[in-house]
Amino acid sequence: MASLRSRMARHGFESNDDYEYRVRCLLSYPTRGLRCLAVEGDSGRRKTAFATALARALEWQHVLYHDFAASEPLPGRIEVPDLPAEEGEAPVQLTPFDRTVSEACAFSEAEGTVLIVDQLQEADFAEHLRLYRFVTSAEWQYPLATLRANPRKFLLVLVSEAPLFHSLQKECFRIWTDPETPPLSFRPGDFGLDDDASPLIEALITLFEALRVSPTQSAFERILQDLLHRAGTADHLRGTLFGWVEGITWDMLAAEDIGARLDAVIEALQNYLGHDQIELTGE
């Protein structure tokens with residue numbers, strides 16, 4: 001079976017980090033209520049991409065999503081089944097968030113369900129309290145009704161740009177999603193190149209170490225494609241790096257100490273181009 005990292009990459013989240021162990025901890029630990037994952041990091045919507053790709057990679061039957069930052073349409077009137085309003089009262093109204101949680105609870109009765117709650121910092125604090133009660137009791141409450149989620153088939157994923165309510169945070173397993181900078185260990189064979197390309201690969205790795213970024217294998221492959229078939233100057237290389245590598249800014253590439261690293265890559269490229277060019281065959 002494909003690794004979690006490769007399955008998540010197929011769903012739009014590519015990383016050199018391996019989250020397999022952390023996700024196994026999340027799913028294996030016994031819980032009194034619901035399993036809850038808090039996705040943390042500094043890189044904007046990377047957290048949302050992680051949550052969505054993880055839900056798809058787990059291959060659970062249902063993935064539901066609610067974004068508190070999205071403009072919500074006026075809620076329609078939905079009567080809670082088997083619990084009609086008292087005579088003379090209006091039917092029970094559910095907010096879009098209530099509807100989404102209610103659907104998730106219903107699906108989890110029989111099938112695996114992931115509920116992603118995004119931009120939680122935009123929600124009223126009352127919703128944080130309701131989520132805390134939901135996680136600890138597996139029960140979602142609103143006027144006239146209480147719904148129960150199946151803890152064995154339910155995963156709640158919370159994404160917030162601000163720290164979670166302390167009591168809610170204590171019930172969550174946290175995963176940090178910002179790209180780390182582990183040493184790169186790419187080799188020419190990873191990209192269908194012969195050993196003569198080693199100096200070029202090593203020059204690129206040295207450049208990334210100076211920039212303190214770790215491109216994914218697919219980004220590294222795109223850079224090599226540009227170098228072997230299009231780029232010929234340090235300025236070309238700047239454009240390629242900015243175009244393909246997450247986390248790089250133009251100011252980083254314009255720094256004086258980086259200039260020599262860029263020139264070293266171009267020199268290694270010119271030395272290599274004396275050999276037959278090969279189309280890259282890496283994934």
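Throughout this document, residue positions are counted from 1 along each chain, in the order its sequence is written. Per-residue local features are limited, in this predicted model, to residues with pLDDT of at least 70; the limit for side-chain atom pairs, both in listing and counting, is 80 or more; totals at the level of whole chains, interfaces and linings are taken over all residues. The side-chain figures draw on all heavy atoms in the structure; neither hydrogens nor water molecules are used.

A. Broad picture of the overall build of the protein. Per the convention used, a helix needs a DSSP run of H or I reaching at least four residues, while a strand needs a run of E reaching at least two, with both numbered from the N terminus. For the protein, the count of helices and strands is eleven helices and seven strands. Note on classification: 1.4 Å probe, protein chains only; a residue is buried when its accessible area is under 20% of the maximum for its type, exposed when over 50%, partly exposed between these limits. Looking at the protein as a whole, 45% of its 283 residues qualify as buried. Within the protein, contacts between residues at least 6 apart in sequence are counted, and of these 73% link residues at least 24 apart. The Shrake-Rupley method, run with a 1.4 Å probe sphere, supplies the accessible areas, and residue values consider only the shown protein chains as cover. For the protein, the computed accessible surface area is about 15,000 Å², with 49% contributed by carbon and sulfur atoms. The contact definition used throughout considers only heavy atoms, calling two residues in contact when any of these lie within 4.5 Å.

B. How the structure looks around unusual backbone geometry. A positive phi angle, near 55°, is found at Gln-119, a position not held by glycine. Judged by its relative accessible area of 8%, Gln-119 falls in the buried class.

C. Structural detail: the pattern of salt bridges. In what follows, salt bridge is the name for a side-chain nitrogen of Lys or Arg lying within 4 Å of a carboxyl oxygen of Asp or Glu. Counted by the stated rule, this structure contains seven salt bridges. We note a salt bridge from Arg-46 to Glu-246, for which the minimum N-O separation is 2.7 Å. With Arg-46 in helix α3 (residues 46–57) and Glu-246 in the loop between α9 (234–244) and α10 (250–254), this residue pair connects regions lying 200 residues apart in the sequence. Ionic pairing is found between Asp-98 and Arg-130, a salt bridge with its closest N-O pair at 2.8 Å. With Asp-98 in helix α4 (residues 96–108) and Arg-130 in helix α5 (residues 125–137), this residue pair connects regions lying 32 residues apart in the sequence. For the pair formed by Asp-98 and Arg-130, the shared burial category is buried. Overlapping salt bridges bring together Asp-98, Glu-127 and Arg-130 as one network.

D. View of the packing of helix α7 (residues 198–211) against helix α11 (residues 256–272). Axis separation between α7 and α11 bottoms out at 8 Å; the angle between their running directions is 170°. With respect to α11, the axis of α7 lies roughly antiparallel. The chirality of how α7 crosses α11 is left-handed. Residue-level inspection shows Pro-199, Leu-200, Ala-203, Leu-204, Thr-206, Leu-207, Ala-210 and Leu-211 of α7 in contact with α11, the latter providing Ile-258, Arg-261, Leu-262, Ala-264, Val-265, Ala-268 and Leu-269. The convention used is that axes are lines fitted to C-alpha atoms, helices contributing only their stretch in contact, and that angles between N-to-C directions extend from 0 to 180 degrees. Working rule for angles: under 35 degrees goes down as roughly parallel, over 145 as roughly antiparallel, 65 to 115 as roughly perpendicular, anything else as oblique. Left-handed describes a crossing whose near helix is turned anticlockwise from the far helix by less than a right angle; the clockwise case is right-handed.

E. Representation of the side chain of Gln-119 in the model. The residue Gln-119 is located in the loop between β3 (113–118) and α5 in this model. Setting aside anything within four residues of it in sequence, one finds Gln-119 in contact with Arg-45, Asp-67, Phe-68, Ala-69, Val-159 and Glu-161.

F. Fine view of the pairing of strand β6 (residues 154–159). The buried fraction of β6 amounts to six of the six residues, a majority that puts the element mostly inside the structure. Neither face of β6 is open: one carries Phe-154, Leu-156 and Leu-158, the other Leu-155, Val-157 and Val-159, and all of them are buried. For strand β1 (residues 35–40) and β6, the ladder comprises five bridges, and the chain directions are parallel. Pairing of Leu-37 across the sheet is with Val-157, part of β6. Strand pairing follows a simple DSSP-based rule, namely that at least 2 bridges must link the two strands.

G. Molecular detail of the environment of Gln-270. Following the sequence through the fold, Gln-270 ends up in helix α11. What makes Gln-270 exposed here is its relative accessible area of 53%. For the pair Gln-270 and Leu-227, spaced 43 residues apart in the sequence, the C-alpha separation amounts to 9.7 Å.

H. Highlighting the packing of helix α8 (residues 217–229) against α9. As a packed pair, α8 and α9 sit with axes 10 Å apart at the nearest point and diverge in direction by 155°. Between α8 and α9, the angle falls in the class roughly antiparallel. Every pair of crossing elements has a handedness; the one defined by α8 and α9 is right-handed. Every residue of α9 that contacts α8 at Ala-219, Arg-222, Ile-223, Asp-226 and Leu-227 is listed here: Leu-237, Thr-240, Leu-241 and Trp-244. Under the convention adopted here, Pro, Cys and the residues Ala, Val, Leu, Ile, Met, Phe, Trp and Tyr are nonpolar, Asp, Glu, Lys and Arg are charged, and Gly plus all remaining residues are polar. Residues of the contact of α8 with α9, tallied by class, amount to six nonpolar, one polar and two charged.

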